[in-house]
Amino acid sequence: MSEEEKKHWSLRLLGAMIFSPINTITLLALLYFGFQAYILGNDPVLNKMIMLGIAVAWLILFLAKNLFKLILTIAVVLILFYGYYSWSRRDITACEESGGIWNAQTETCEAPQSWWQKLQNLWRESTSG
């Protein structure tokens, strides 16, 4: 690597650390307690619990910072799912709005029948065989 590339790498790292000090502090704390738990073996259970607490606190902070984007993304996904659901049921909806009954077996719209007509159809189907 040339000297200029090294300078750019270090400047980018410094910029990222200045732009996000919470992430930098969180990463350093995780590295410190990970070093204590896994390398040195000093009270590993306590250090692992501290690491877990730091990670959970960072996750909560991250979600709080990005809550608006998260809610907006969920809303867009739900709207897309509802749009697809409505589009896939457009024939059924049109049939029901026109007063018909959708027959799922034949996938056709049929005129509504009285209970007597339904009984006669069942009788015809059972006798014909």
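In case you missed it, the structure is sitting above this.
Being a predicted model, the structure only gives us computed values, none of them experimental. (Residues numbered from 1 in each chain as written. Predicted model: local features only at pLDDT ≥ 70, side-chain atom pairs only at ≥ 80, totals over all residues. Heavy atoms only, no water.)

*Asks:* Give me the overall build of the chain: which residues, what numbers.
*Replies:* Within the chain one finds six helices and two strands. Reading the chain from its N end, one meets helices and strands in the order α-α-α-α-α-β-β-α. A compact globule built from 129 residues would reach a C-alpha radius of gyration of about 14 Å, whereas the chain, at 32 Å, exceeds it by more than 25%. Each principal axis of the C-alpha distribution contributes one length, and for the chain these read about 90 × 40 × 30 Å. Burial statistics for the chain: of 129 residues in total, 12% are counted as buried. In the chain, the proportion of contacts linking residues at least 24 apart, taken out of those at least 6 apart, comes to 16%. Entry remark: accessible area of the chain is about 11,100 Å², with carbon and sulfur atoms responsible for 70%. The centroid of the 10 positive side-chain charges in the chain is displaced by 8 Å from the centroid of its 10 negative side-chain charges. (Helix = DSSP H or I, 4+ residues; strand = E, 2+ residues; numbered from the N terminus. Rg over C-alpha atoms; globule rule 2.2 N^0.38 Å. Buried < 20%, exposed > 50% of the residue type's maximum accessible area, 1.4 Å probe, protein only. Contact = heavy atoms within 4.5 Å. Areas by Shrake-Rupley, 256 points an atom, 1.4 Å probe, with all protein chains shown as cover. Lys, Arg positive; Asp, Glu negative; His and termini not counted. Charge placed at Lys NZ, Arg CZ, Asp CG, Glu CD.)

*Asks:* Explain helix H2 (residues 21-40) to me, and be specific about the residues and the numbers.
*Replies:* Since the α-helix packs 3.6 residues into each turn, any two residues three or four apart lie on the same face. In this model, H2 (20 residues) spans 27 Å end to end at C-alpha, consistent with the 28 Å of a helix rising 1.5 Å per residue. Of all bends in H2, the biggest is about 25°, found at Gly34. Within the span of H2, buried status applies to Thr24, Thr26, Phe33, Gly34, Gln36 and Ala37. Downstream of H2 by a residue or two, Gly41 has a phi angle that is positive, lying close to 75°. (Expected span 1.5 Å × (residues − 1). Bend = angle between axes of the 7 residues up to and from the residue.)

*Asks:* Go over the packing of aromatic side chains with me, naming the residues and quoting the values.
*Replies:* Going through the model one piece at a time under the given rule, you end up with four aromatic pairs. Measuring from centroid to centroid gives 5.1 Å for Tyr32 and Phe33, while their planes differ by 75°, and the two rings are edge-to-face. For Tyr32, a relative accessible area of 47% translates into the label partly exposed. Taken together, a centroid distance of 6.1 Å and an interplanar angle of 35° make the contact between Tyr84 and Trp87 tilted. Separated by three residues within a single helix, Tyr84 and Trp87 lie in helix H4 (residues 67-88), roughly one turn from each other. Residue class for Tyr84 comes out exposed when judged on its relative accessible area of 53%. (Phe/Tyr/Trp six-rings, centres within 6.5 Å; stacked < 30°, edge-to-face > 60°.)

*Asks:* How would you summarise the packing of H2 against helix H3 (residues 44-65) if you had to cite specific residues and measurements?
*Replies:* Put simply, H2 and H3 touch, their axes get as near as 8 Å, and they point 165° apart. With respect to their mutual orientation, H2 and H3 come out roughly antiparallel. Our pair here, H2 against H3, has a crossing hand that is left-handed. Only Pro44, Asn47, Lys48, Ile50, Met51, Ile54, Ala55, Trp58 and Leu61 of H3 make contact with H2, whose side of the interface consists of Ile22, Asn23, Thr26, Ala29, Leu30, Phe33, Gly34, Gln36, Ala37 and Tyr38. (Axes fitted to C-alpha atoms, helices over the stretch in contact; angles between N-to-C directions. Parallel < 35°, antiparallel > 145°, perpendicular 65-115°, else oblique. Left-handed = near helix turned anticlockwise from the far one by under 90°.)

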